[in-house]
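# A structural walkthrough
Take a look at the letters that make up each chain.
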Amino acid sequence: MAWNFRRRVKIIPGVHLNFSKSGISTSIGVKGASMTFGSSGTYLNAGIPALGIYNRQKISGGGSQPHSPTVLPSSPALAPPIFPIEEQNQHRGNIFSADIHEITSQDMQGIKEAILLAREQRLSLEKDLAEINAAVKSTKNKKLISYLLIYGLINKSVPERLNNDLIAQQEAINQTHEQIEASYVDLKVDFEIELQQKYDALVSSFLTLSKSHKIWDVTSAHYEDRVVTRSSASTVVSRTDVRFGIKSIPEFKSEVKALYFQNANGADLYIYPSFIIMYSKTKEFAIIGLDEISLQQHAVRFTETQGVPADSKTIDMTWAKVNKDGSRDKRFTGNYQIPVVRYGEIKLRTVTGVNEEYEFSNYEATEAFANAFMEYQQSVRQLVQL
């Protein structure tokens, strides 16, 4: 019996973001079948493009209803989320985000489903590919055995049939590879000129920030008794070197890349034009609206015992052992001076459980990025509230 392969064809959704004066709308799907999420409601768009037949049906939302339950209140305008005072205390304990399954925003569920659908199809196709490759190996073995046992030389139709199977199998492999390549979310973004300029400024400032000589993920900050330790530092900070860059999650194949924040003790952060994806090493992920994140930026005085990075500024000097007033404790022989440097600090918070802190050796780059981020985020919040 000749080998045959039933080709799988599924619809893979794309995600199209539109930033305009009327607000932000998100379309998920392919041409001829998609859903649009916007301030005027949720619409199902269906049709046959070749015949010029289209149908647009409102599913929910619109009118005076808010865009989503997570939209910030209009008064005070554009105010960031407010967090409890104890969360902002300098003696912060262990610093990490909530469980990845608890963080996704309600109005980001559609995009999450698109990513999951693309992943599901790709895994299914990869399984198909493994089965086809196994079939190819089996067919080649049968062909070899037919020659070894002579009957393939006598009955020419046997190797001929096996050759036809190999051709069909190779065609199936080619088709499956094509479908796997198409099994990714295609993210497209349309900006109005003013917002495009602000986003470009954000990306530019991020690239400068990512070139800081040192970037640390702060994983804990604990109080220490300065009298007991004779140290000038009142907080012991645990930090891990991480890297930033332009990157994308594996499920996206798009010209739109993310601002990538490596996370030492949790899911990495990928900042896209209107949402943030937290993506773990186990491929679990959460999506948060960009308007929901609270970014706080500060200058930090840090007693540096591991060498001052070249792009940092030393703003003071202290001693390894100090008196209560900060002066040198002469009781300790070999007491040496330690530089106090100024670093930049960024804290990221959401009410759904994001809790991340980073320090940067380049303070000026940190400040410039924070300003660009908040300016761009303000414009996004204004669009979300329309």
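Residues numbered from 1 in each chain as written. Predicted model: local features only at pLDDT ≥ 70, side-chain atom pairs only at ≥ 80, totals over all residues. Heavy atoms only, no water.

Helices and strands together make up the secondary structure of the chain, namely 6 helices and 18 strands. Sequence-distant contacts, at least 24 apart, represent 63% of the contacts inside the chain between residues at least 6 apart. Surface accessibility of the chain: about 20,400 Å² in total, with carbon and sulfur atoms responsible for 53%. (Helix = DSSP H or I, 4+ residues; strand = E, 2+ residues; numbered from the N terminus. Contact = heavy atoms within 4.5 Å. Areas by Shrake-Rupley, 256 points an atom, 1.4 Å probe, with all protein chains shown as cover.)

Before going further, it helps to spend a moment on the pairing of strand β14 (residues 285-289). Burial analysis of β14 places 5 of its 5 residues in the buried class, the great majority of the element. Side-chain alternation along β14 places F285, I287 and G289 on one buried face and A286 and I288 on a second face that is also buried. With 5 bridges connecting them, strand β13 (residues 275-279) and β14 associate as antiparallel partners. Residue pairing for β14: F275 is matched across the bridge by G289. The hairpin formed by β13 and β14 contains 5 residues between the paired strands, and K283 there has a positive phi angle of roughly 70 degrees. (Buried < 20%, exposed > 50% of the residue type's maximum accessible area, 1.4 Å probe, protein only. Pairing = 2+ DSSP bridges.)

This part takes up the packing of aromatic side chains. Applying the stated criterion across every chain yields a total of 19 aromatic pairs. Note on Y279 and F285: the rings are 6.2 Å apart at their centroids and 15 degrees apart in plane angle, and the pair reads as stacked. Note on Y279: relative accessible area 7%, which makes it buried. Sitting above the plane of the F285 ring, K112 keeps its charged end 5.4 Å from the centroid. Over the face of the ring belonging to Y260 we find K247, whose NZ or CZ atom lies 4.4 Å from the ring centre. (Phe/Tyr/Trp six-rings, centres within 6.5 Å; stacked < 30°, edge-to-face > 60°. Lys NZ or Arg CZ within 6 Å of the ring centre and 35° of its normal.)

In summary, soluble globular proteins display a tendency toward joint burial of nonpolar side chains. One finds F19, F261, Y272, F275, I277 and F369 to be the most contacted residues of the largest nonpolar core, which totals 63 residues. Per element, the largest residue contribution to this core is 9 residues, and it comes from helix α6 (residues 363-384). Filtering out sequence-adjacent residues up to four positions away, F369 remains in contact with L202, S205, F206, L209, L259, F261, L295 and I346. (Core = buried A, V, L, I, M, F, W, Y, C linked by side-chain atoms within 4.5 Å.)

Taken as a whole and assessed by the stated rule, the structure comprises 12 salt bridges. The salt bridge partner of K253 is E181, with a shortest N-O separation of 2.4 Å. Of the two residues, K253 is situated in the loop between β10 (244-247) and β11 (258-261) and E181 in helix α3 (residues 157-181); the sequence distance between them amounts to 72 residues. E304 is the salt-bridge partner of R239, the closest N and O atoms lying 3.0 Å from each other. (Salt bridge = Lys/Arg side-chain N within 4 Å of Asp/Glu carboxyl O.)

On average, residues of the chain carry a pLDDT of 81, and 75% of them reach 70 or more. Across residues 46-91, confidence stays below pLDDT 50; counting only partners more than four residues off in sequence or on other chains, it has 79 contacts. (pLDDT = per-residue confidence, 0-100.)

By secondary structure assignment, the location of R328 is in the loop between β16 (313-319) and β17 (337-349). Between the alpha carbons of R328 and T318 there is a distance of 7.7 Å; along the sequence they are 10 residues apart. For R328, the residues in contact, after removing those within four places along its chain, are W319, K321, N323 and N335.

What the 5 strands build is an open sheet, ordered β10-β11-β12-β13-β14; its pairing is antiparallel. Two strands in the sheet have a free side with no partner beyond their single neighbour: β10 and β14. Between one strand axis and the next, the sheet turns through 25 degrees on average, direction left out of account. The sheet contact formed by strand β12 (residues 268-271) and β13 spans 4 bridges and is antiparallel. The residue bridging I271 from the neighbouring strand is I276, located in β13. Relative to β10, helix α4 (residues 193-210) is tilted by about 135 degrees, and along the sheet it contacts β10 and β11. (Axes fitted to C-alpha atoms, helices over the stretch in contact; angles between N-to-C directions.)

The next subject is the packing of helix α1 (residues 109-148) against α3. Running from amino to carboxyl end, α1 crosses α3 at an angle of 160 degrees, the nearest separation of the two axes being 9 Å. When the axes of α1 and α3 are compared, the pair comes out roughly antiparallel. Regarding α1 and α3, the two cross each other, and that crossing is left-handed. By residue class, the composition of the contact of α1 with α3 is 13 nonpolar, 9 polar and 6 charged. (Parallel < 35°, antiparallel > 145°, perpendicular 65-115°, else oblique. Left-handed = near helix turned anticlockwise from the far one by under 90°. Nonpolar A, V, L, I, M, F, W, Y, C, P; charged D, E, K, R; others polar.)

Peptide bonds are, in most cases, trans, and in most cases residues other than glycine have a negative phi. Notably, K283 is not glycine yet its phi reads approximately 70 degrees, a positive angle. For K283, the location among the structural elements is in the loop between β13 and β14. On the basis of relative accessible area, K283 is assigned to the partly exposed category, the value being 45%.

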